[in-house]
Amino acid sequence: NMKVTKLLPLIALTAMMMVSCNKPAGELVGAYKSTIFKEANPYGMLFIKKGSFMMGANTQSAVFEQPDNVGMVTVEAFWMDETEITNNEYHQFVNWVRDSIALTSLVAAGLTDYAIQPKDEDFDEENFSLNWARKVPWNNKEEDIVDALSPMFYSDGRLKTNGLHYRYSWVNMDEALPQRNKFDVATSSYPPGATVRVDTFWVNENGEIKDSTIYRPLKEPKDLLTTKIICIYPDTLVWARDFQFSYNDPLLQMYFKHPGYAEYPVVGVTWEQAHAFCNWRTKYFNSYSAIEANDYRLPTEAQWEYAARGGRKMAMYPWGSNYARDGKGCFFANFKPYRGAYNDDTGTTTMKVAQFRPNDFGLFDMAGNVSEWTNSAYQSSANTYIHDLNPDYSYMARKADPDILKRKVVKGGSWKDISYFLQCGVRTYEYQYESRPYIGFRCVRSYIGD
């Protein structure tokens, strides 16, 4: 048959290609083409290789009679910010929130050019995307634009920073884990009577954020979501509030907004605001990346401590020494070396980031300058029962929870602390809703792969 004869070469070629690719038809070959994936180095972050270390304080506690339990633990690889988040970097978050509110206000006023909508379709007022290619016309004097943007400002032209609200969501994993809420694959449903305990947020007619804790039935995965609204502008008054008999007014007025402090670590940020920043940073990265990455987040206490030790299993301080000064008498970090002599280490309060030598991982300021929030909840006995692989004790406190459940672990010591608090293994805490002029943060991102 002439037709069969002509098809034989094509059939043979197809068979050879299938054999050469080792992917025969009708066999299990995977859903998509397998490629070698290597995660790109996130900008401003360093790769922290996996490893083991002795977690816990090296010396007896200066606060409590009983020292923390010390044990060998293992941490998998992750990315970590080279320095603490600076005022300049946090300003990018503030400006994005400001601009998103402005663009939304313009669209709500009928200026639909500031939104993205499908062609040849009517504009959907309930479901649209902001057109970030259009800059906010702050200086435009047209009446409709002025009317749309004026609620964002006081009568004297100053921006209402208390109106910079960021709305975001996360999955309440602690509500999904209990056996009472386990999804039943046999019935393809959640157990009868399954409920979740979440917070609900809203803004009242006075522009105030309100929230309360509610119970709702668990019917589908979206019921596990909490959508939070939070004001994200730092509390600049912390410089005066925490040190009432100290003249820190210049820092109060200028620290966050003046370009001279751009490379200083951001302070006056609560744990909740840092949590919101991480959510925004994840969304911002994924909006420009073809491949989604793991979420940016605050480090666990174990990750922070492992990174601070710089690969040294028993290091007391990030620089590897058991002392706060080198052989020439120079200090290794910005802290309170003597009573009242804050400037003996070249800094009085905060300093620009990366002014002292990094540790062996290349991380700057893992001790001193500002203390840092971690994602871990504070529980004095947590080290007695956490797992020895990627140890973590975390809890997302609800509005109705007592304050004792709203404590978060703080690490690293700050410009106002004595050297004891600079030790890698020392842990303190602060309430997640409090902001301080000596607490900042840095982000981590879990590494994709082994």
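Residues numbered from 1 in each chain as written. Predicted model: local features only at pLDDT ≥ 70, side-chain atom pairs only at ≥ 80, totals over all residues. Heavy atoms only, no water.

Peer 1: Residues and numbers for a nonpolar patch on the surface, please.
Peer 2: A surface patch of nonpolar side chains, amounting to about 380 Å² of accessible area, comprises Val-171, Met-173, Leu-177 and Leu-225. For Leu-225, a relative accessible area of 32% corresponds to the partly exposed category. (Patch = residues over 30% accessible without salt bridge, like charges linked within 9 Å, V, L, I, M, F, W, Y side chains within 5 Å. Areas by Shrake-Rupley, 256 points an atom, 1.4 Å probe, with all protein chains shown as cover. Salt bridge = Lys/Arg side-chain N within 4 Å of Asp/Glu carboxyl O. Buried < 20%, exposed > 50% of the residue type's maximum accessible area, 1.4 Å probe, protein only.)

Peer 1: Outline the packing of aromatic side chains, listing residues and values.
Peer 2: A complete count under the given rule lists 39 aromatic pairs for this structure. Pairing Trp-96 with Trp-132 gives two aromatic rings, centres 5.2 Å apart and planes at 20°, and the pair type is stacked. Highlighted residues: Trp-96 in helix H2 (residues 87-108) and Trp-132 in the loop between strand E6 (129-130) and helix H3 (143-149), separated in sequence by 36 residues. Look at Phe-331 and Tyr-338: their rings are 6.1 Å apart centre to centre, the planes differ by 75°, and that puts the pair in the edge-to-face class. Overall, Phe-331 belongs to the buried group, its relative accessible area being 14%. The exposure class assigned to Tyr-338 is partly exposed, which follows from its relative accessible area of 38%. Looking at Arg-134, its charged tip hangs above the ring of Tyr-114, at a distance of 4.3 Å from the centre. The side chain of Arg-407 reaches across the aromatic face of Tyr-429, ending 4.7 Å from its centre. (Phe/Tyr/Trp six-rings, centres within 6.5 Å; stacked < 30°, edge-to-face > 60°. Helix = DSSP H or I, 4+ residues; strand = E, 2+ residues; numbered from the N terminus. Lys NZ or Arg CZ within 6 Å of the ring centre and 35° of its normal.)

Peer 1: Describe the state of the cysteines, with residues and values.
Peer 2: Across all of its chains, the model carries zero disulfides by this definition. Looking at the unpaired Cys-278, the closest cysteine sulfur is the one in Cys-443, lying at 3.7 Å. The exposure class assigned to Cys-278 is buried, which follows from its relative accessible area of 3%. (Disulfide = S-S within 2.5 Å.)

Peer 1: I'd like to hear about the pairing of strand E4 (residues 78-81), residue by residue, with values.
Peer 2: Burial along E4 is two-sided: the residues Phe-78 and Met-80 and Trp-79 and Asp-81 are all buried. Bridge count between strand E1 (residues 45-48) and E4: four bridges; the pairing is antiparallel. What sits directly across from Ile-48, in E4, is Phe-78. Two strands pair when backbone bridges link them, and E4 and strand E16 (residues 444-446) are joined in this way by three bridges, in the antiparallel orientation. Bridge pairing in E16 links Phe-78 to Ser-446. (Pairing = 2+ DSSP bridges.)

Peer 1: Please set out the pattern of salt bridges residue by residue, giving values where relevant.
Peer 2: Considering all chains together, one arrives at 22 salt bridges under this definition. Note that Glu-39 and Arg-445 form a salt bridge whose closest N and O atoms lie 2.7 Å from each other. You can see Glu-39 sitting in the loop between helix H1 (2-20) and E1 and its partner Arg-445 sitting in strand E16, a full 406 residues away along the chain. We classify Arg-445 as buried; its relative accessible area is 2%. Where Arg-309 meets Glu-305, a salt bridge forms, and the shortest distance between an N and an O atom there is 2.8 Å.

Peer 1: Describe in detail helix H8 (residues 301-309), supporting the description with residues and values.
Peer 2: The buried fraction of H8 is high, at nine of nine residues. Here H8 has its buried residues at Glu-301, Ala-302, Gln-303, Trp-304, Glu-305, Tyr-306, Ala-307, Ala-308 and Arg-309. Once H8 ends, the next one or two residues include Gly-310, with phi positive near 65°.

Peer 1: Describe the sheet that holds strand E13 (residues 407-411), and please don't skip the residues or the numbers.
Peer 2: Taken in spatial order, the four strands of this open sheet run E14-E13-E12-E15, and their pairing is mixed. Both edges of this open sheet fall to strand E14 (428-431) and strand E15 (439-440), since each of them pairs with a single strand only. Alignment of E13 against E14, held across four bridges, turns out to be antiparallel. Its bridge partner lying in E14, Val-409 is registered against Tyr-429.

Peer 1: Break down the nonpolar core for me, with residues and values.
Peer 2: Counting 40 residues, the largest nonpolar core has Tyr-90, Phe-93, Tyr-166, Ile-232 and Phe-441 as its most contacted members. Elements with a minimum of two residues in this core: H2, strand E7 (165-171), helix H5 (238-241), helix H6 (249-254) and helix H7 (271-288). With six residues, H7 is the largest single contributor of residues to this core. Beyond its immediate stretch of four places on either side in the chain, Tyr-90 contacts Ile-85, Ile-232, Pro-234, Phe-256, Val-266, Val-269, Gln-273, Phe-277 and Phe-441. Counting 20 residues, the second largest nonpolar core, distinct from the first, contains Met-55, Val-75, Trp-304 and Ala-307. (Core = buried A, V, L, I, M, F, W, Y, C linked by side-chain atoms within 4.5 Å. Contact = heavy atoms within 4.5 Å.)

Function cannot be inferred from these measures alone, as they are strictly geometric.
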